[in-house]
Amino acid sequence: MIKENIANLGIPKNVKLVCVTKTRSVEEIKQAIEYGVKCIGENRIHEAKEKFPLLPEVEKHMIGNLQKNKVKSAVELFDMIQSVNSLKLAKEIDKRSAAIEKVMPILIEVNVADEESKQGITVDNTWKVIKEVLEFQNVKIEGLMCMAPWVKAEETRPYFKKMKELFDSTKLKWLSMGMTNDYKVAIEEGSNMVRVGTAIFGERKY
Ligand SMILES: *Cc1c(COP(=O)(O)O)cnc(C)c1O
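The rules behind these values
Residues numbered from 1 in each chain as written. Predicted model: local features only at pLDDT ≥ 70, side-chain atom pairs only at ≥ 80, totals over all residues. Heavy atoms only, no water. Buried < 20%, exposed > 50% of the residue type's maximum accessible area, 1.4 Å probe, protein only. Helix = DSSP H or I, 4+ residues; strand = E, 2+ residues; numbered from the N terminus. Arc of directions from axis to C-beta. Contact = heavy atoms within 4.5 Å. Near = heavy atom within 4 Å. Polar contact = N/O pair within 3.5 Å; in protein donor to acceptor, adjacent residues only side chain to side chain. Nonpolar A, V, L, I, M, F, W, Y, C, P; charged D, E, K, R; others polar. Disulfide = S-S within 2.5 Å. Phe/Tyr/Trp six-rings, centres within 6.5 Å; stacked < 30°, edge-to-face > 60°. Lys NZ or Arg CZ within 6 Å of the ring centre and 35° of its normal. Core = buried A, V, L, I, M, F, W, Y, C linked by side-chain atoms within 4.5 Å. Salt bridge = Lys/Arg side-chain N within 4 Å of Asp/Glu carboxyl O. Pairing = 2+ DSSP bridges. Right-handed = clockwise from strand over helix to strand, strands pointing away.

**Student:** Hey, could you go over helix H6 (residues 123-133) for me, with residue numbers and the actual values?
**Tutor:** Among the residues of H6, Thr-126, Val-129, Ile-130 and Val-133 are the ones counted as buried. Mapping the buried residues of H6 onto a view down its axis gives an arc of 105°, with all of them on the same face. Residues of H6 that are exposed and point over 90 degrees away from its buried face: Asp-124, Lys-128 and Lys-131. Looking at the buried residues of H6, the elements they touch are helix H5 (87-99), strand E5 (104-110), strand E6 (139-146) and helix H7 (157-170).

**Student:** Now, about the site of the ligand: what can you tell me, with residues and values included?
**Tutor:** For the ligand, the full set of nearby residues is Val-20, Lys-22, Ile-63, Met-147, Met-179, Thr-180, Arg-195, Val-196, Gly-197, Thr-198 and Arg-204. Backbone polar atom of Gly-197 to an oxygen atom of the ligand: 2.9 Å apart, as the coordinates give it. Per-class residue counts for the shell around the ligand are 5 nonpolar, 3 polar and 3 charged.

**Student:** Tell me about the state of the cysteines, residues and numbers included.
**Tutor:** According to the stated counting rule, one finds 0 disulfides in the structure shown. A disulfide-free cysteine, Cys-39 has its sulfur positioned 8.9 Å from the sulfur of Cys-19, the nearest such atom. With relative accessibility at 1%, the residue Cys-39 sits in the buried group. Cysteine Cys-146 is unpaired, with the sulfur of Cys-39 as its nearest cysteine sulfur at 17 Å.

**Student:** Talk me through the packing of aromatic side chains; I want residue IDs and the actual numbers.
**Tutor:** Enumeration over the complete set of coordinates arrives at 1 aromatic pair. With a centroid separation of 5.2 Å and 80° between ring planes, the pair formed by Phe-52 and Phe-78 is classed as edge-to-face. Remark: Phe-78 occurs in the loop between helix H4 (71-77) and strand E4 (80-84) and Phe-52 occurs in the loop between helix H3 (45-51) and strand E3 (59-62); sequence separation between them is 26 residues. Look at Phe-78 and you get buried, because its relative accessible area is 0%. The cationic tip of Lys-60 hangs over the ring face of Phe-52; the distance from NZ or CZ to the ring centre is 5.5 Å.

**Student:** Give a detailed account of the nonpolar core, specifying residues and quantitative values.
**Tutor:** Of all hydrophobic cores here, the largest spans 58 residues; its most connected members are Ile-81, Ile-93, Ile-106, Ile-108, Val-133, Leu-144 and Ile-200. The contact partners of Ile-106, leaving out residues within four places of it in the chain, are Met-80, Ile-81, Val-84, Ile-93, Val-133, Val-139, Lys-140, Ile-141, Glu-142 and Gly-143.

**Student:** Describe the side chain of Thr-156, listing the residues and the values that go with them.
**Tutor:** Turning to its location among the elements, Thr-156 is positioned in the loop between E6 and H7. At 2.5 Å, the side chain of Thr-156 and the backbone oxygen of Ala-153 are in polar contact. Setting aside residues up to four positions removed in sequence, Thr-156 forms contacts with Ala-148, Pro-149, Val-151, Asp-182 and Val-185.

**Student:** Could you give me a rundown of the pattern of salt bridges, with the residues and numbers involved?
**Tutor:** Within this structure, the stated rule accounts for 15 salt bridges. For the salt bridge of Glu-59 with Lys-16, the shortest nitrogen-to-oxygen distance reads 2.9 Å. One end of the pair, Glu-59, is in strand E3; the other, Lys-16, is in strand E1 (residues 16-20), with 43 residues separating them in the sequence. Each of Glu-154, Arg-157, Lys-161, Glu-188 and Glu-189 takes part in one network of salt bridges that share partners.

**Student:** I'd love a proper account of the pairing of E3, names of residues and values included.
**Tutor:** Side-chain positions along a regular strand alternate between the two faces of the sheet. Looking at chain direction, strand E2 (residues 39-42) and E3 are connected through 4 bridges and run parallel. The partner of Glu-42 across the bridge, within E3, is Met-62. Assessed by its sense of winding, the connection that carries the chain from E2 through H3 to E3 is right-handed. Note that E3 and E4 share 2 bridges and pair parallel. Bridging across to E4, Met-62 finds its partner in Ile-81. Read from E3 through H4 to E4, the crossover connection turns out right-handed.

And the structure:
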């Protein structure tokens, strides 16, 4: 089933697939890798710690809210941190990366619809944060990330348009937007990195 699901995603070649593996077993993840997945996304440090030693062959992205006390582990475990939702967090990542002589690629998480329930930097503050983070030596900003509001796929379009406009002004490399519900719309609006879990593995059981 995982094989067919990946084949049926229909993601264009210029769009990077981050296969979201939270709650999935190492066996399931290995199947996805066998069928072409090259990059996975996790949102909890403890899950990453358990699974990553068994998955040396894939690129690993942090996509969840990161507590300050977990940053030290995160910079050791991950190849990219997508969910950088405050200047304070960027600073801590810089400090912990410097300690292990690493330059950590990051994305700035934007709260595109200004939702109280979501983390992230407001659209209006994004440039200010980018400029400050560019001063840090041990993090490298490579793009922007967002989660659209939880609405019907077609209704996410204005938010993705807004993100694309902001992204184009930055000249950065990656625009990470689109999940199972809305990745097709996100790609139409210019996403070049999608984070998809359910459409690959089925519904998550927590
Ligand atoms: C879980 C998660 C996803 C994937 O969600 P699906 O609906 O399963 O595709 C994408 N991005 C983030 C930040 C997530 O936490």
